[in-house]
There are 4 protein chains.
Amino acid sequence: MNLDAREESKDISRELSSEARTDLLARYQHVRLETENLADPLTAEDMQLQSMADASPTKWHLAHTSWFFEVFILRPHFVDFRIFDSSYPTLFNSYYNSLGSAHSRPQRGFLSRPSIDQIFAYRDAVDQQIQQLIEKPSFNEHIASLILLGINHEQQHQELLLMDIKHALSLNPLMPCYLQEPVREEKNSAVTSMNWLSVGAGNYALGSDGEQFCFDNEQPPHQQFVADFKVASRTVCNSEYLEFIRDGGYREPRHWLSDGWDWVKCNQVSAPMYWRHREGVWWQFTLAGLQQLNPADPVFHLSFYEADAYARWAQKRLPTEFEWEIAACLHRTSDAFVSANMLEKGNYQPYAEITDKPQFIGSVWEWTGSAYLPYPGYRANADAIGEYNGKFMCNQMVLRGGSCITPLSHIRISYRNFFYPHQSWQFSGIRLAED
Amino acid sequence: MNLDAREESKDISRELSSEARTDLLARYQHVRLETENLADPLTAEDMQLQSMADASPTKWHLAHTSWFFEVFILRPHFVDFRIFDSSYPTLFNSYYNSLGSAHSRPQRGFLSRPSIDQIFAYRDAVDQQIQQLIEKPSFNEHIASLILLGINHEQQHQELLLMDIKHALSLNPLMPCYLQEPVREEKNSAVTSMNWLSVGAGNYALGSDGEQFCFDNEQPPHQQFVADFKVASRTVCNSEYLEFIRDGGYREPRHWLSDGWDWVKCNQVSAPMYWRHREGVWWQFTLAGLQQLNPADPVFHLSFYEADAYARWAQKRLPTEFEWEIAACLHRTSDAFVSANMLEKGNYQPYAEITDKPQFIGSVWEWTGSAYLPYPGYRANADAIGEYNGKFMCNQMVLRGGSCITPLSHIRISYRNFFYPHQSWQFSGIRLAED
Amino acid sequence: MNLDAREESKDISRELSSEARTDLLARYQHVRLETENLADPLTAEDMQLQSMADASPTKWHLAHTSWFFEVFILRPHFVDFRIFDSSYPTLFNSYYNSLGSAHSRPQRGFLSRPSIDQIFAYRDAVDQQIQQLIEKPSFNEHIASLILLGINHEQQHQELLLMDIKHALSLNPLMPCYLQEPVREEKNSAVTSMNWLSVGAGNYALGSDGEQFCFDNEQPPHQQFVADFKVASRTVCNSEYLEFIRDGGYREPRHWLSDGWDWVKCNQVSAPMYWRHREGVWWQFTLAGLQQLNPADPVFHLSFYEADAYARWAQKRLPTEFEWEIAACLHRTSDAFVSANMLEKGNYQPYAEITDKPQFIGSVWEWTGSAYLPYPGYRANADAIGEYNGKFMCNQMVLRGGSCITPLSHIRISYRNFFYPHQSWQFSGIRLAED
Amino acid sequence: MNLDAREESKDISRELSSEARTDLLARYQHVRLETENLADPLTAEDMQLQSMADASPTKWHLAHTSWFFEVFILRPHFVDFRIFDSSYPTLFNSYYNSLGSAHSRPQRGFLSRPSIDQIFAYRDAVDQQIQQLIEKPSFNEHIASLILLGINHEQQHQELLLMDIKHALSLNPLMPCYLQEPVREEKNSAVTSMNWLSVGAGNYALGSDGEQFCFDNEQPPHQQFVADFKVASRTVCNSEYLEFIRDGGYREPRHWLSDGWDWVKCNQVSAPMYWRHREGVWWQFTLAGLQQLNPADPVFHLSFYEADAYARWAQKRLPTEFEWEIAACLHRTSDAFVSANMLEKGNYQPYAEITDKPQFIGSVWEWTGSAYLPYPGYRANADAIGEYNGKFMCNQMVLRGGSCITPLSHIRISYRNFFYPHQSWQFSGIRLAED
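Chemist: Talk me through the overall build of chain A; I want residue IDs and the actual numbers.
Modeler: For chain A, the helix and strand inventory stands at 10 helices and 12 strands. Computed over its C-alpha atoms, the radius of gyration of chain A comes to 22 Å, within 12% of the 22 Å expected for a compact globule of 435 residues. Principal-axis analysis of the C-alpha atoms gives chain A an extent of 65 × 55 × 40 Å. Across the 435 residues of chain A, 62% fall into the buried class. Of the roughly 16400 Å² that chain A leaves accessible, carbon and sulfur atoms contribute 49%. Of the charged side chains in chain A, 37 are positive and 54 negative; the average position of the first set lies 3 Å away from that of the second.

What follows is the structure, encoded as structure tokens:
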């Protein structure tokens, strides 16, 4: 987050106006409530599930997001701070080594205690103290910026919560529904044409200037030379991906990176993560249960290896994150964000859009061909907050654009998401590019 | 179980007397209720926990014991049988390959659905049908013997339920208590002397004659020549085991079997499973939480490798299962079972006894030096029930005598329990022997 | 070995007669030469191979057998002892923890130095010192018994050498031959009938009385009650095992022990270890390269799991080691050993015998249903020699009878070999039994 | 390699002049001989060693480099081609899926056959045919370019051969020497000052223009904007790295990338790969055996994680590969290559230079902060040669500059080497940079 950047240009100890406080509190309360709403369809047993080391139980997400406000904001900045439970700083630490030890990640699913009721009580206690803190006369810009960070952090966990529970439910042979019914009854089954958007070579300004909130990995703003390129107007759809499968895509090593081919063989991968083939028909497991595959909908839950192999098979390539950012800026429409298929729409599933306007925001995260590395001049915070992003800048690839389970107010064109090339439980798809 | 044996000598299609039916139903209902009582201190989240592949969630135990009655008794023998849920025969099959596929064992903890409420409803439905079956005029000896098997099966799972939840809770840094308070406030801290019971050489009759219920692995009765031997009057206690530790027992390969030494090094074992050393004091995790180690209490939660290494260090050996059975018969007192520290006592923890009478029953399972193999002439049932015991007769060692979490009505002198040599989450201790 | 036993009854410090010395030296030299002859067909590169952790390079066998004489005999008992190389006591220690550290077992194949020439020089140096030791006036019964142990130890490694190089060569796609041509050109393709030998119940004396050399695990002699049983007159042949395969033996869990079924699935086993199916024909890799399977020859290279599954499928069982020993004694013919297919015959492959006389010795090791455990009253030596056998008495099963690569002078009816149930690179087959 | 690039601008079917043929043949013969010279100090047993899956036996390198000429040049382009052995195309294929199956990589060390003599005969046979091919009238530019690629390929394997045999010998407790004596008796123990070279921001041309030989991954030439930066005049030395260790560098997570910290803990890393601490003194295993650490010499055999952690601890960073290339061009001296410590110098070990001129070439490979990704516009060849580089462009980091075991004629400023972040058996060190 751009704490440092803003601190340089502003008086961070300046007290906030009453109006700004009201706004901040409202935003805080809205996000906190939204997280609890996401947990609403789940039982105490569901919220206990941890189906792999990469994922966390819903209960843990509910607690950890509160922990973040407690240890980064209340403990250092709230004079009347009272710890809720002395074991929580360790239990709900994710990966901040500077803050002491953390409960073993793969064992988060073994924490049947504290109970879910205690976790909700924890959330309430933190919320009350945050409210009191905001109302303190001494409440200032610096603390406000930390709360903003905590809000954005919680929004990231809203997406993780849905990714993780989807994975956990998928391992139950009963294939339970998170959503009782799919939101959209009528589906668009016609595949719209894929157009190619051209961008001319030149030096471009990239990254966030820090005027609005951003994470530290989007900074500093910097320039980058980019050659002529084209990107597709939409992401790849299921029927297109099926052609790749039918053409033997998963059996032909020449389409794959060497590590990708090892991954395919070792895991015997032959289709996207949640696809199931039954009696000649393709289905996919969704948050609304098993659904028949709609050919026109975006393909998603792809690993980087799959996205890259598809692009090579299609004689295209993935865009770099710079190309993506430039194209998304150039083709940004006035309603790009409002109309986007994001968390608030309640679909929790990407759908084919009938428009042929280029759409870069929402629906599915888009793998880029860029490794997740620091921008030139990047410097992480010296304190524990510095572990937020910087220490992950190795072995991962950048994804851009947000998905149908990303909150609308959380996404930006400069936003950099990142996953390991083999991971696919995130809502990730493919946009093609070419020289 | 001795179904076959008894079927030969009785008319198994004979209808049961009204009195016998009443007795059987009462016993059935008692055991079923007791299982639910054991789950009583647990939350829905606790009952979801699976902390290792060897263990199962409480919820799964509650369901699987009902599944046993459903698939082995109701489905084939109850004309009005109605399946509770068509997915359950797969979900709650443990390892009976003849009955079709089973849900993956290490993924039992991912079954947040069906909910615990549904599992209790399942239990009720099975209970009602079993009651109706028993009341049918056609209810006969054969079906009664199957119900008796189901009852004994459920008792085994009562012990497993406690072993498994203890293991799961032990991984929670909060070290939650299953029992709100330890039953025995006053502990006996004086170590009673270990006496040596002599038995003369000869041919002995071993195994069960099938007069009372037994499992098939206790049969057929057969004779065995045994040379002169002595066994200790009690099991090894904590203070004795501490001497072994202090003497460098875990660092000295010559005490250990080769596989045992590999196990010690690979797992960096330096004390029994639930022991914790804090500021010079030894504690152990119990079902009543962390408790200070009482020197006089029996040492338990030992692997076979530890039991064997201790015996070698002490210049003794473990008894064979034959020696154990002979000695337990010879030294059986009139109140051996009534006074034994078993499940019904509610301790759930072994305690030093003040008596110096030899005690073979209850307290802790006792590792023997015998591999778990079929008795001469053993033959497993041809149908699915045949998978109950026989297919495990390899790579495991026999334990005898029952423990403080074994139901009293479940144990017999001829009872053969079995675990892999590296396992220690069962309540297992050491009785020494010598030539 | 029966060092202790004999020490009790003899004056072990008695000096040996000149004749006894000559005999011992001749036997020593014969065995030492034979080991080198076995290495003769191999290149320096072949002798370097270690294809799995269970196996060792030929070079290592050549060195380790010399190490045994050096550390157990020369170092403590030869006053003029000079160490050949101070690094060898660690490099060539197999598993004797009492003798200090040992080079990591799975890294034996990384020892390109010392070179094979140095190892042969090491052998010569040891041989010279052993000869000098035997000629010393003070040379006594005790040291002679140790040399006898060393000779038997080296014979065990002769068999291991062949097992290990067979495994290593089998991983080379060129399928190189150890033997340039198979010894027997004409094969007996007619399957002889399998007769059943009956033995009556009673108490039998088992184990070795120590009159001739034996290992400590064959002692003490003891009695055992055995019920009526029958054993087959010959081991199972390839055509019989093929019926098991064709009947779906490897796909049907009910034939298998639970651990065996896991082994089949996990390793995708569908035929014996060295069998290859090519265009409808079965071949097997032998020390003379790939050979077509002869239906009448004994099936071998089976794991215990396969032997046990075959027996269950055939509605028989494996004999216990006691049954095997009793039957082998009762049916011992005058030429049982002389005519046996053992190492000296030079076949290195089991063949169908035309005789219908029961044959228990040679050809293939026979899995028994007995776990490898100490005999009643067994006590291992207190010093390093005590690690020879005793510490392996867990998790392994007993095999009896010797194989076509066991030296004739090495085998005895009381001889107990042992392997883990999943292992099959030894020359192991099946003899059936029934009640 | 720039086959395509050159093919566009030249008539690749043009026949070569007699002079050009003579030069090419001389260069070919020189490199082939040099490879064999590198194998000269090794025994047949040494050449058999494969100490990890990442490494290959010397024998395999000798064969595979010949295979490359056979399958890419002789088979398609030499009319009189005769295959040496029909099994070799599979045995010595490294990773070219388009060319059919390859012998399993981790099993290369099991190929005791073909013998080393046969491999040398294979080399001769290939050499003779290459010579005949070059002398054919039809020999043209295209084939010449493929031979040039084969020569460069073989030079890469010269470096790998030394890396791999060093690793293999390091696992032998005897710590054998590859070089009988270290070349440099006198060492420079004074640490020269580390100066900082400044470079101004701007758009720079990067990559190879293809005028001289290069690999395809150095192309196409392209421009890149780079901000102001500084790089150090020399790489980090042992005494500087020791400070990091003494300051607890390996125990402090905040210096490490998250994956790096996992690597440290999981492998219990506490010093560079070949360092050994004995009685207060630091040694390192070298190709000339165990040598005392010279404080002024460059530290090497570092993983990317270690290089990155050191840089963070030193409050610097690693240069990007673009920064490295720009600085190396700007500070290139007339004798930069001639004076560099590279393979031909015969040191096989980096040494402190007394000069304070910036030196970018030789000594140690330098980790950059750049992920190994395709340059903009990169396109791999369509045929099997296309697998040479492109399929590895994921999960690896770029190293620059060559090392003391890289052939002088093989290195270029645009040369991109690449390894996984955890690997350290290559001769890799650290050059620092800052904004």
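Chemist: Could you give an account of the side chain of Glu434(B), with specific residues and numbers?
Modeler: Residues and elements named next belong to chain B. Relative to the elements of secondary structure, Glu434 occurs in strand 12 (residues 433–434). Of the polar contacts made by the side chain of Glu434, one reaches the side chain of Lys316; its length is 2.7 Å. The residues touching Glu434, leaving out its near neighbours within four places in the chain, are Trp196, Phe229, Lys230, Lys316 and Arg317.

Chemist: Any chance you could break down the packing of aromatic side chains for me, citing the residues and the numbers?
Modeler: Under the defined criterion, the tally for this structure stands at 156 aromatic pairs over all chains. Both rings, one in Tyr88(C) and one in Phe92(C), keep their centres 5.1 Å apart while their planes meet at 85°; by these two values the pair is edge-to-face. We note that Tyr88(C), like Phe92(C), is buried. Just above the ring of Trp60(A) sits the side chain of Arg108(A); from NZ or CZ to the centre is 3.6 Å. Above the ring of Phe360(B), the side-chain terminus of Arg431(B) is found at 4.0 Å from the ring centroid.

Chemist: Kindly report on the interface of chain A and chain B, identifying the contributing residues and their values.
Modeler: Where the parts come together, the accessible area they lose is often given as the size of the interface. With 29 residues of chain A in contact, the opposing surface of chain B contributes 29 residues. Summing both sides of the interface, chain A and chain B together bury roughly 2300 Å²; the carbon and sulfur share of this comes to 58%. It is Glu45(A), Phe110(A) and Arg113(A) that lose the most area in chain A upon contact with chain B, and together they represent 33% of the buried surface on that side. Our enumeration of links across chain A and chain B arrives at four salt bridges. The partner of Asp46(A) in a salt bridge is Arg113(B), with the nearest N and O atoms 2.7 Å apart. Scanning the region where chain A abuts chain B turns up 10 residue pairs in polar contact (both at pLDDT 80 or more). Along the lines of polarity and charge, the residues of the side of chain A that touches chain B split into 15 nonpolar, 10 polar and four charged.

Chemist: Outline the relation of the copies chain D and chain A, supporting the account with residue identities and numerical values.
Modeler: When chain D is fitted onto chain A, the two copies agree to an RMSD of 0.0 Å after a turn of 180° and an axial shift of 0.0 Å. In symmetry terms, the pair is related by a two-fold rotation axis. Of the residues that chain D buries at the interface, 100% are likewise interface residues in chain A, meaning the two copies contact each other through the same surface.

Chemist: With reference to specific residues and values, describe the sheet that holds strand 5 (residues 275–278) of chain D.
Modeler: All names here are of chain D. Overall, antiparallel pairing links the three strands, which are arranged 5-6-7 in an open sheet. Two strands in the sheet have a free side with no partner beyond their single neighbour: strand 5 and strand 7 (289–292). If you compare each strand with its neighbour and ignore which way they point, the axes differ by 35° on average. Where strand 6 (residues 281–286) meets strand 7, four bridges bridge the pair, whose relative direction is antiparallel. Directly across from Trp283, in strand 7, lies its bridge partner Gln292.

Chemist: Lay out the packing of helix 2 (residues 18–39) of chain A against helix 6 (residues 141–170) of chain A in plain terms, naming residues and giving numbers.
Modeler: Residues and elements named next belong to chain A. Contact pair helix 2 / helix 6: the axes reach a minimum separation of 10 Å and the direction vectors enclose 20°. Here helix 6 runs roughly parallel to helix 2, going by the angle between their axes. Crossing hand, helix 2 versus helix 6: left-handed. Each of Leu24, Arg27, Tyr28, Val31, Arg32, Glu34, Thr35 and Leu38 in helix 2 lies in contact with helix 6, whose residues at this interface are Ala144, Ile147, Leu148, Ile151, Asn152, Glu154, Gln155, Gln158, Leu161 and Leu162. The residue makeup of the contact of helix 2 with helix 6, split by class, is 10 nonpolar, four polar and four charged.

Chemist: Describe the interface of chain D and chain A, naming the residues involved and giving the relevant values.
Modeler: At the junction of the two partners, chain D supplies 29 residues and chain A supplies 29 residues. Considering only the surface of chain D that becomes buried against chain A, Phe225(D), Cys394(D) and Asn395(D) emerge as the three largest contributors, covering 22% of it. Between the two partners, chain D and chain A, sit two salt bridges. We note a salt bridge from Arg379(A) to Asp435(D), for which the minimum N-O separation is 3.6 Å. The tally of links from chain D across to chain A stands at nine residue pairs in polar contact (both at pLDDT 80 or more). At the level of elements, strand 3 (222–226), helix 8 (258–267), helix 9 (304–313) and strand 8 (365–371) of chain D are the ones that each hand at least two residues to the side of chain D that touches chain A. Each residue belonging to the side of chain D that touches chain A can be placed in one class, and the counts come to 15 nonpolar, 10 polar and four charged.

Chemist: Could you give an account of unusual backbone geometry, with specific residues and numbers?
Modeler: With an omega of -5°, the peptide bond between Arg113(C) and Pro114(C) qualifies as cis. Counting through the fold element by element, Pro114(C) comes out in the loop between helix 4 (88–91) and helix 5 (116–135). Of the consecutive residues Gln219(D) and Pro220(D), the connecting peptide bond is found in the cis state with omega at -10°. Turning to its location among the elements, Pro220(D) is positioned in the loop between strand 2 (202–206) and strand 3. For Asn395(D), which is not a glycine, the phi torsion comes out positive at approximately 70°.

Chemist: Can you break down the packing of helix 3 (residues 58–77) of chain D against helix 6 (residues 141–170) of chain D residue by residue, with the values?
Modeler: When two helices pack together, their arrangement is captured by the angle between the axes and the distance separating the axes. Residues and elements named next belong to chain D. Where helix 3 contacts helix 6, the axes come no closer than 9 Å and their chain directions differ by 170°. Considered as vectors, helix 3 and helix 6 are oriented roughly antiparallel to each other. Of the residues assigned to the contact of helix 3 with helix 6, the class counts are 13 nonpolar, nine polar and two charged.

Chemist: Give a detailed account of the environment of Arg27(D), specifying residues and quantitative values.
Modeler: With respect to the secondary-structure elements, Arg27(D) resides in helix 2 (residues 18–39). Aside from chain neighbours lying at most four places away, what touches Arg27(D) is Leu148(D), Ile151(D), Asn152(D), Gln155(D) and Ser409(D).

Chemist: Which residues make up helix 5 (residues 116–135) of chain D, and what values go with them?
Modeler: All names here are of chain D. For helix 5, built from 20 residues, the straight-helix expectation of 28 Å at 1.5 Å per residue is met to within 8% by its first-to-last C-alpha distance of 29 Å. Along helix 5, the residues classified as buried are Ile116, Ile119, Tyr122, Arg123, Ala125, Val126, Asp127, Gln129, Ile130, Leu133 and Ile134. Residues of helix 5 that are buried sit in contact with helix 2, helix 3, helix 4 (88–91) and helix 6.

Chemist: Tell me what's going on with the state of the cysteines, and back it up with residues and numbers.
Modeler: In this structure the tally under the stated criterion is zero disulfides over all chains. Cys237(D) carries a free sulfur, and the closest cysteine sulfur to it, the one in Cys404(D), is 16 Å from it. Cys266(B) provides the cysteine sulfur closest to Cys266(D), a residue in no disulfide bond, and the two sulfurs are 13 Å apart. Judged by relative accessible area, Cys266(D) falls into the exposed class, the value being 64%.

Rules and cut-offs
- Residues numbered from 1 in each chain as written.
- Chains lettered and ligands numbered in written order.
- Predicted model: local features only at pLDDT ≥ 70, side-chain atom pairs only at ≥ 80, totals over all residues.
- Heavy atoms only, no water.
- Helix = DSSP H or I, 4+ residues; strand = E, 2+ residues; numbered from the N terminus.
- Rg over C-alpha atoms; globule rule 2.2 N^0.38 Å.
- Buried < 20%, exposed > 50% of the residue type's maximum accessible area, 1.4 Å probe, protein only.
- Areas by Shrake-Rupley, 256 points an atom, 1.4 Å probe, with all protein chains shown as cover.
- Lys, Arg positive; Asp, Glu negative; His and termini not counted.
- Charge placed at Lys NZ, Arg CZ, Asp CG, Glu CD.
- Polar contact = N/O pair within 3.5 Å; in protein donor to acceptor, adjacent residues only side chain to side chain.
- Contact = heavy atoms within 4.5 Å.
- Phe/Tyr/Trp six-rings, centres within 6.5 Å; stacked < 30°, edge-to-face > 60°.
- Lys NZ or Arg CZ within 6 Å of the ring centre and 35° of its normal.
- Buried area = accessible area lost by both parts, 1.4 Å probe.
- Salt bridge = Lys/Arg side-chain N within 4 Å of Asp/Glu carboxyl O.
- Nonpolar A, V, L, I, M, F, W, Y, C, P; charged D, E, K, R; others polar.
- Least-squares fit on C-alpha atoms with pLDDT ≥ 70 in both.
- Pairing = 2+ DSSP bridges.
- Axes fitted to C-alpha atoms, helices over the stretch in contact; angles between N-to-C directions.
- Parallel < 35°, antiparallel > 145°, perpendicular 65-115°, else oblique.
- Left-handed = near helix turned anticlockwise from the far one by under 90°.
- Expected span 1.5 Å × (residues − 1).
- Disulfide = S-S within 2.5 Å.

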